[in-house]
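Below are the chains, spelled out letter by letter.
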Amino acid sequence: MDLDYRLMQELVKVNLELQKLDEGYRKKYFRKNTNKPWSFKCYQCEEKVSSNEADEFWTVPVTRYDSNVRVRRFCSKDCSDCYFNEQRNELLGKRDQIIEDRRLLRSFYEEAEQKFKEVVAERHK
Ligand SMILES: [Zn+2]
């Protein structure tokens, strides 16, 4: 059952992504002792957030493997929660799909096993 093994590996990957997402969600504080203020655009609402105006910001890790960006930055907890929940639901959906696929594969396998037994039994008659 190579296919099932592959699905199992995918499941492990999705679970790791979920863990990474949960553990990497952070509230951060701007460093105030630098001469050069820095800023970013909130990934959710696209508001500009600058270190000489705001004290804190939020980051959520990017779990997708095809992305070079490691974290997304946000202006507020509302914005980061929104993105975090989106990512989380997407991963949970992926996980449910894999579990469902494994169940489907299992039922096909049982069917095939049953047919195989019938053929072998027929041979010995
Ligand atoms: Zn925002």
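Rules used in this analysis
Residues numbered from 1 in each chain as written. Predicted model: local features only at pLDDT ≥ 70, side-chain atom pairs only at ≥ 80, totals over all residues. Helix = DSSP H or I, 4+ residues; strand = E, 2+ residues; numbered from the N terminus. Rg over C-alpha atoms; globule rule 2.2 N^0.38 Å. Pairing = 2+ DSSP bridges. Axes fitted to C-alpha atoms, helices over the stretch in contact; angles between N-to-C directions. Contact = placed C-beta atoms within 7 Å. Core = buried A, V, L, I, M, F, W, Y, C linked by C-beta atoms within 7 Å. Buried ≥ 20, exposed ≤ 12 C-beta atoms within 10 Å, placed from the backbone. Parallel < 35°, antiparallel > 145°, perpendicular 65-115°, else oblique. Left-handed = near helix turned anticlockwise from the far one by under 90°. Expected span 1.5 Å × (residues − 1).

Q: Looking at this structure, I do not really get the overall build of the chain. What am I missing?
A: Across its full length, the chain holds 2 helices and 5 strands. Reading the secondary structure of the chain in the N-to-C direction produces α-β-β-β-β-β-α. Taking 14 Å as the expected radius of gyration for a compact globule of 125 residues, we find that the chain reaches 24 Å, considerably beyond that expectation. Across its three principal directions, the C-alpha atoms of the chain cover 90 × 20 × 20 Å.

Q: Just checking my understanding: could you explain the sheet that holds strand β1 (residues 26–29) for this structure?
A: By definition, the strands of a sheet pair up through backbone hydrogen bonds, in either a parallel or an antiparallel sense. Taken in spatial order, the 3 strands line up as β1-β4-β5 in an open sheet, and their pairing is antiparallel. At either end of the open sheet lies a strand with only one pairing partner, and these are β1 and β5 (71–74). Along the sheet, successive strands turn relative to each other by an average axial angle of 35°, direction set aside. Sheet analysis places strand β4 (residues 56–61) next to β5, joined by 4 bridges and oriented antiparallel. Looking at β5, one finds that W58 is bridged to F74. Across the sheet, helix α2 (residues 77–123) touches β4 and β5, and the angle it forms with β4 is around 5°.

Q: Would you mind showing me how to read the nonpolar core here?
A: The tendency in soluble globular proteins is for nonpolar side chains to be buried as a group. One finds Y43, V49, F57, W58, V60, F74, C75, C79 and F84 forming the largest nonpolar core, which totals 9 residues. Elements with a minimum of two residues in this core: β4 and α2. Apart from residues no more than four positions distant in its own chain, F84 is found in contact with Y25 and V60.

Q: Help me understand the packing of helix α1 (residues 2–24) against α2, please; the structure alone is not making it clear to me.
A: Each pair of packed helices can be summarised by the angle the axes make with each other and by the distance between the axes. Closest axis-to-axis distance for the α1/α2 pair is 10 Å, and the angle between their directions is 160°. By the angle class used here, α1 and α2 are roughly antiparallel. Classified by chirality, the crossing of α2 by α1 is left-handed. Residues L3, D4, L7, E10, L11, V14, E17, L18 and L21 of α1 touch α2, and the partners they reach there are Q87, R88, L91, K94, R95, I98, D101, R102 and L105.

Q: What should I look at first to understand unusual backbone geometry in this one?
A: Trans is the prevailing form of peptide bonds, just as negative phi is the prevailing case for residues other than glycine. Despite not being glycine, E46 shows a phi value in the positive range, around 65°. Along the chain, E46 falls in the loop between β2 (39–41) and β3 (48–50). By the C-beta count within 10 Å, which is 9 here, E46 ends up exposed.

Q: Just to check I follow, could you spell out the environment of K41 for this structure?
A: For K41, the location among the structural elements is in strand β2. With residues near it in sequence (within four places) discarded, K41 still touches E46 and K48.

Q: Explain α2 here, please?
A: For an α-helix, 3.6 residues make a turn, and residues three or four places apart therefore share a direction. Here α2 spans 68 Å end to end across 47 residues, near enough to the 69 Å set by a 1.5 Å rise per residue. Where the residues of α2 are buried, they touch α1, β4 and β5.

Q: I keep staring at the environment of C79 and nothing clicks. Help me out?
A: Within the secondary structure, C79 sits in helix α2. Overall, the presence of 22 C-beta atoms within 10 Å leaves C79 in the buried class. Not counting residues up to four positions away in its chain, the partners in contact with C79 are C42, Q44, C45 and F74.

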